[in-house]
Amino acid sequence: MIKITVPADKSISHRAAIIGAICKKPLRIRNYLRAGDTLSTLSCLKELGIGIEDKGEIEITSGELKKPKASLDCGNSGTTMRLLMGLLSAQPFEATLTGDASLSLRPMERVAKPLKIMGARITTNKGRPPVTVIGGRLSPISYELPVPSAQIKSAILLAGLFAEGKTIVIEPNICRDHTERMLEALGAPIRKEGLKTEIEGPADLLGGETITVPGDFSSAAFFIVASIIAKKPIEISNVGINPTRTGLLDVLRKMGAEIEIRDERCEFGEHVADIITKGGNLSGVELKEDLVPLMIDEIPILTIAALFADGRTTIKGAAELRVKESDRIKAMVNELRKLGADIEELLDGMVIKGGAKLKGAEVSSYHDHRIAMSLSVLGLLLPDIKVIDSECVNISFPDFFQSLSFLK
Ligand code: S3P
């Protein structure tokens, strides 16, 4: 059995650093993800006067956040920008958040809107970055999210820590809940009931703990699918299996994959386990809308699995894919067609007919790490495929190609 490990969870790493910045005592982070996006978060926090020491583990020492001397460069990272918007909304100074070409096209008004209702002054460039936040005293709100987005939810909850009274967020469908779990593990007065989360502010976080970040399920996903389509069983150790992230496991099992979860444990509010893939013949599946937020970053790699499934796979209710690091619906449809795939574009998804005869070709990553990795997985079966601009894997998984070579 091939054994692999995957890099640390990106979402949890971002949160540990940002939440660490407002803890009273230093917070140590073991296995922090050292990749483009999460390094952007650390450099923004440094600009804000937060002490960051790299002793193998990262130690975050807060103190008062300070007005940055320059704008905060979030690079490619939507999570950095959106979560920092929440934090900055409560700080008594002005700060501007910028990003790269891809981030500069992504919607930010959906985050600014609730924060402005809470009392922050926020301006955007027609709803997009750069975003300037002038924070201050905040009032609590009760807010229904227009889309199931953990980033909007997290920004409001982080701001809610500073507002006097109960801030309530209601999500339309369950989406990832790492912020809630981490705040709860750090003793914040947070309560979750179904789709509703309440936080009582103002709340101090003591800190002083060590958080160990598990492996990223979204990175493991490429190897889970790769192993099934290449028919090579693998074991991936120490992966986060938070149920708000693992929708892909349910869908692949429904398609016929055999996947086992072993040695499940709980660390700092997060479930962690080893994942063993055993193979299976795939059939097409209809992906229901309520499952989409539980696997939003895994839909590009699901389309790769669908190419090798018997029959049709329908993905609907996934319009959010159009505002990720690239338009992931367009990217997958355009590039998979170049390889001979039978794939139809829908406004909010795709229909893929499995079993088409595929051929190698030059395809583009759209400078999007998850598109680059999804298409590169196909290289296990189509040696003639060439993925252009694939260095963008550094955003979340710098050793991706080395790990993939174990399955060759
Ligand atoms: C993330 C939430 C998701 C996801 C992104 C990371 C997070 O975005 O696509 O890669 O860490 O909160 P949305 O919250 O916008 O859906």
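Reading the values: rules and limits
- Residues numbered from 1 in each chain as written.
- Predicted model: local features only at pLDDT ≥ 70, side-chain atom pairs only at ≥ 80, totals over all residues.
- Heavy atoms only, no water.
- Pairing = 2+ DSSP bridges.
- Helix = DSSP H or I, 4+ residues; strand = E, 2+ residues; numbered from the N terminus.
- Axes fitted to C-alpha atoms, helices over the stretch in contact; angles between N-to-C directions.
- Parallel < 35°, antiparallel > 145°, perpendicular 65-115°, else oblique.
- Contact = heavy atoms within 4.5 Å.
- Nonpolar A, V, L, I, M, F, W, Y, C, P; charged D, E, K, R; others polar.
- Buried < 20%, exposed > 50% of the residue type's maximum accessible area, 1.4 Å probe, protein only.
- Disulfide = S-S within 2.5 Å.
- Domains from an automatic or database assignment.
- Buried area = accessible area lost by both parts, 1.4 Å probe.
- Salt bridge = Lys/Arg side-chain N within 4 Å of Asp/Glu carboxyl O.
- Polar contact = N/O pair within 3.5 Å; in protein donor to acceptor, adjacent residues only side chain to side chain.

(A) Representation of the sheet that holds strand β16 (residues 234–240) within the structure. An order of β1-β16-β18-β17 is seen for the four strands of this open sheet, with the pairing classed as mixed. Looking at the sheet topology across the chains shown, the edges are occupied by β1 (2–5) and β17 (258–267). Strand after strand, the sheet turns through a mean of 20° between neighbouring axes, direction not considered.

(B) Just unusual backbone geometry, in detail. In this chain, proline 129 is followed by proline 130 through a cis amide linkage whose omega measures 0°. By secondary structure assignment, the location of proline 130 is in strand β9 (residues 128–134). Cis peptide bonds are those with omega within 30 degrees of zero, and the linkage from glycine 201 to proline 202 qualifies with -10°. For proline 202, the position within the fold is in the loop between β13 (196–201) and β14 (205–207). Positive phi is not limited to glycine here, since aspartate 263 has a value of about 55°.

(C) The arrangement of the packing of helix α8 (residues 247–255) against helix α9 (residues 299–307) in detail. Axis separation between α8 and α9 bottoms out at 12 Å; the angle between their running directions is 5°. Put simply, α8 runs roughly parallel to α9. Residues Leu248, Val251, Leu252 and Met255 of α8 form the contact with α9, whose participating residues are Ile301, Leu302, Ala305 and Ala306. By residue class, the composition of the contact of α8 with α9 is eight nonpolar, no polar and no charged.

(D) Highlighting the sheet that holds strand β5 (residues 57–61). Strand order in this open sheet of four strands is β4-β5-β3-β15, and the pairing throughout is mixed. Pairing within the sheet leaves two strands with one partner each, and these edge strands are β4 (51–55) and β15 (210–212). Each neighbouring strand pair of the sheet contributes to a mean axis angle of 20°, computed without reference to strand direction. Where strand β3 (residues 27–30) meets β5, three bridges bridge the pair, whose relative direction is antiparallel. When the sheet's bridge partners are listed, leucine 27 is paired in β5 with isoleucine 60.

(E) Representation of the pairing of strand β8 (residues 121–125). Summarising the sheet, β8 and β9 pair through four bridges and their orientation is antiparallel. Counterpart to asparagine 125 in the pairing with β9 is arginine 128. Counting the residues between successive antiparallel strands, the hairpin from β8 to β9 contains two residues, one of them, lysine 126, with a positive phi of roughly 50°.

(F) The environment of glutamate 64, seen in detail. In this fold, glutamate 64 is placed in the loop between β5 and β6 (72–73). On the basis of relative accessibility, which here comes to 68%, the residue glutamate 64 falls in the exposed class. Considering only alpha carbons, one finds glutamate 64 and valine 323, 259 residues apart in sequence, at a separation of 34 Å.

(G) The arrangement of the state of the cysteines in detail. What the rule picks out here adds up to zero disulfides. Distance from the sulfur of cysteine 175, which forms no disulfide, to the nearest cysteine sulfur (cysteine 266) is 20 Å. Judged by relative accessible area, cysteine 175 falls into the buried class, the value being 2%. A disulfide-free cysteine, cysteine 266 has its sulfur positioned 18 Å from the sulfur of cysteine 23, the nearest such atom.

(H) Up close: the domain arrangement of the chain. Domain assignment breaks the chain into domain 1 (10–211) and domain 2 (217–407). Each of domain 1 and domain 2 has a C-alpha centre, and the two are 28 Å apart. Residue-level contacts link 28 residues of domain 1 with 24 residues of domain 2. With both sides pooled, the region where domain 1 packs onto domain 2 buries about 2100 Å², and carbon together with sulfur makes up 53% of that total. If you sort the residues of domain 1 by the area they bury against domain 2, Arg106, Arg176 and Arg181 come out on top, with a joint share of 28%. At the junction of domain 1 with domain 2, the criterion picks out three salt bridges. A salt bridge links arginine 110 to glutamate 320, with the nearest nitrogen and oxygen atoms 2.9 Å apart. For the pair domain 1 and domain 2, the interface holds 12 residue pairs in polar contact (both at pLDDT 80 or more). Looking at the side of domain 1 that touches domain 2, the elements with two or more residues in it are α1 (10–20), α2 (36–47), α6 (178–185) and β15.

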